[in-house]
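Close look at the chain arrangement
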Amino acid sequence: MKIIEAINRIDSLKHNTYSQSDKVAWLSEVDWDVTRHIIDTHEGAREEPFKGYDDSTDLQTELIIPAPYDKAYLLWMEAQIDYHNGEYDKYNNAMEMFNAAYEGFKNYYNRTHMPKGKKFKFF
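Below or above, wherever it landed, is the structure these notes cover. Predicted model, so just to flag it, every value in this text is computed and none were measured. (Residues numbered from 1 in each chain as written. Predicted model: local features only at pLDDT ≥ 70, side-chain atom pairs only at ≥ 80, totals over all residues. Heavy atoms only, no water.)

Secondary structure assignment for the chain yields four helices and zero strands. For the chain, the N- to C-terminal ordering of α and β elements is α-α-α-α. Seen along its three principal axes, the alpha-carbon backbone of the chain occupies a region of about 65 × 35 × 20 Å. Per-residue burial for the chain yields a buried fraction of 38% across its 123 residues. For the chain, the accessible area works out to roughly 7,900 Å², and carbon and sulfur atoms hold 51% of it. (Helix = DSSP H or I, 4+ residues; strand = E, 2+ residues; numbered from the N terminus. Buried < 20%, exposed > 50% of the residue type's maximum accessible area, 1.4 Å probe, protein only. Areas by Shrake-Rupley, 256 points an atom, 1.4 Å probe, with all protein chains shown as cover.)

Dropping the structure here:
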């Protein structure tokens, strides 16, 4: 999913008044977390470090979490909208669904990529 696709989908699914900049920042938060806690802890991580997204980022940039796990981005933005609107019950529900989607991706990644480890030297 591309940044603009995620933003357009959340805007069509959930009425909100938040700016595109806000949503790009929210998407950046997710990908920072994915990079730091999942991808960088496994072999074969990206050559170039993740720098985050901001207003200068091309909106055609591909987000890190692939389908079918990419619904996590929509759930994260939904939770952020609810949180900033003070709708905490809705926020809690969206976060529960986000956590399940995120955990699904994390489990998939852990199954399909070798974790980094210390080299053991046997004497």
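Resuming the write-up.
A few words on unusual backbone geometry. Note the cis peptide between alanine 67 and proline 68, where omega equals 5 degrees. In this structure, proline 68 sits in the loop between helix H2 (20-37) and helix H3 (71-84).

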